[in-house]
Amino acid sequence: PALLDAIAAEAAARVRDFKPQGLANTTWAYATAQHAAPALLDAIAAEAAARVRDFKPQELANMAWAYATAQHAAPALLDAIAAEAAPRVRDFNAQGLANTAWAYATAQHAAPALLDAIAAEAAARVRDFTPQNLANTAWAYATAQHAAPALLDAIAAEAAPRVRDFTPQGLANTAWAYATAQHAAPALLDAIAAEAAPRVRNFTPQGLANTTWAYATAQHAAPALLDAIAAEAAPRVRDFNAQGLANTAWAYAAADHSLCEVLFGSSAFVAHCEAMQAAFSPEALCQLHQWQLWLEERGAAWPRLPLPLAERCHAAFVAEEGRPSRLQRQVVAALKALGHEPREEVRTPQGYSLDAVVRISSREVAIEVDGPSHFVGRTHAPTGATALKRRQLRAAGWALVAVPYWQWNALDAAGQRELLLRELRNALRNANQ
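The following refers to the structure shown. Note that the structure is predicted; figures quoted are calculated from it, not measured.

Packing of helix H17 (residues 282-298) against helix H18 (residues 307-319) brings their axes to within 8 Å, and their N-to-C directions diverge by 110°. One way to sum up the angle between H17 and H18 is to call them roughly perpendicular. Two secondary-structure elements touch here, H17 through Pro282, Leu285, Cys286, Leu288, His289, Gln290 and Gln292 and H18 through Leu309, Ala310, Arg312, Cys313, His314, Ala316 and Phe317. In the contact of H17 with H18, the residues fall into nine nonpolar, four polar and one charged.

For the structure on display, the rule yields ten aromatic pairs. Taken together, a centroid distance of 5.1 Å and an interplanar angle of 80° make the contact between Phe317 and Tyr352 edge-to-face. Placement of Phe317 in helix H18 and of Tyr352 in the loop between strand S1 (343-347) and strand S2 (353-360) is noted, with a sequence separation of 35 residues between them. As far as burial versus exposure is concerned, Phe317 and Tyr352 are alike and both buried. With a centroid separation of 6.5 Å and an interplanar angle of 70°, the aromatic rings of Phe375 and Trp406 are classed as edge-to-face. Within this pair, whereas Phe375 is found in the loop between strand S3 (363-370) and helix H20 (384-395), its partner Trp406 is found in helix H21 (residues 405-409), the two being separated by 31 residues in sequence. Connected via pairs of aromatic rings, a cluster forms that spans Tyr252, Phe264, Phe269, Trp291, Trp294 and Trp302.

Turning our attention to unusual backbone geometry. A negative phi holds for most residues other than glycine; trans holds for most peptide bonds. At Gln108, a position not held by glycine, the phi torsion is positive, near 55°. Tracing the backbone shows Gln108 in the loop between helix H6 (94-106) and helix H7 (112-123). Classification of Gln108 by relative accessible area gives exposed; the value is 74%. Within the chain, Gln219 stands out as a residue other than glycine whose phi angle is a positive 50°. You can see Gln219 is positioned in the loop between helix H12 (205-217) and helix H13 (223-233).

Glancing now at the pairing of S1. Across four bridges, the pairing between S1 and S2 is antiparallel. Within the sheet, the bridge partner assigned to Val346 lies in S2 and is Leu354. Following S1, the chain reverses through five residues before pairing antiparallel with S2; Gly351 in that reversal takes a positive phi of roughly 110°.

Now for the sheet that holds strand S4 (residues 399-404). Taking strand neighbours across the sheet as the criterion, the four strands line up as S1-S2-S3-S4 in an open arrangement whose pairing is mixed. Sheet topology places S1 and S4 at the edges, where each strand pairs with a single neighbour. Averaged over neighbouring strand pairs, the angle between their axes works out to 40° when direction is ignored.

Moving on to the pairing of S4. Within S4, six of the six residues are buried, leaving the element largely enclosed by the surrounding structure. Covered by surrounding structure in S4 are Ala399, Val401 and Val403 together with Leu400, Ala402 and Pro404, the residues of both alternating faces. The pairing of S3 with S4 spans six bridges and is parallel. Paired with Ile367 across the two strands is Val401, which belongs to S4. Handedness of the crossover joining S3 and S4 through H20: right-handed.

The rules behind each value
Residues numbered from 1 in each chain as written. Predicted model: local features only at pLDDT ≥ 70, side-chain atom pairs only at ≥ 80, totals over all residues. Heavy atoms only, no water. Axes fitted to C-alpha atoms, helices over the stretch in contact; angles between N-to-C directions. Helix = DSSP H or I, 4+ residues; strand = E, 2+ residues; numbered from the N terminus. Parallel < 35°, antiparallel > 145°, perpendicular 65-115°, else oblique. Contact = heavy atoms within 4.5 Å. Nonpolar A, V, L, I, M, F, W, Y, C, P; charged D, E, K, R; others polar. Phe/Tyr/Trp six-rings, centres within 6.5 Å; stacked < 30°, edge-to-face > 60°. Buried < 20%, exposed > 50% of the residue type's maximum accessible area, 1.4 Å probe, protein only. Pairing = 2+ DSSP bridges. Right-handed = clockwise from strand over helix to strand, strands pointing away.

Interpretation in functional terms is not warranted from these geometric data alone.
This is the structure we're talking about:
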């Protein structure tokens, strides 16, 4: 540390005398050593931003990686690197492509043109990527919320037969990435599930939670994996952070995986939730509320959250105000044209918000209008959150009509009204059975 401090103090005033390779190597070294040198990194960033044209592709990648790894803000430098790198991605090696995408995602620095260029280049070269590169690249695009369907398809096809070479963190991150990006990859998720189940002992608590969440969100069945995670998580539940607890509880509820008494059947899980209650975010409280609804749905005689925490969960769940979409307004208008008087944004006793409710023959029918975010990518499969809401509403006795955007948009006005009439009849018939 004394040497690195001395070098940092001396170098900061002399960065103009460094070659591009020296600037890149120095930032890489401090980031790799995890040695803080903020004044030096500021000086290098200012110097390098004006000289990015002189940097080789590997040096550009290393610079971006270093600032992201060191968690040192350098927006002007990252902008300059992005502008310089985008037209030169063909000259990057596979590691450089992966590291650069990872860096911009980690730094939360928008670079859409660069990410588009990397995605187009990387999709054709995934065979050259290591398992870590495949996992990091998928993670980066999901984290940056940057659509890259062709790249994700290519990574999925390449990764599936190579999952044995992935680390536990890589397996967890890859599953998480595809679920977060809402990108269907059934063969890859099958392969990860088969590989991960016997290796769960090597997963961190966050890895266990993220993996469970991923399969539930993607609505991808993996019963053996969920059994293995439940058995592994039970004795380690005190090592879970607040978000991990909430993600795990929600995931088993969304997957409707009832064979997890080892995890939820004792008081350990709710006791740790109570101990961590100050750390729960509003989102986490909502997840725990849905988990409690699931226990009621299943009739499980498992311990419940303490009443004060349960009340906080319910309050968080009902706090969010509904925002009617254009599609929702169209459906409501069609219901009115059919002679109904729909009520909008109706709150159920469970706390769910319904897009619309109509009364037919003394029976109330809920209408949910589902836009693209309610489905897994380009498929018609509902996400875990959508499937969970539908299931819990029906379990509570609601007659439910789900109106998918892709079905609605394919019809003219007359067809849309006919769709509603048919689905309303079906919902009433199914609810009365």
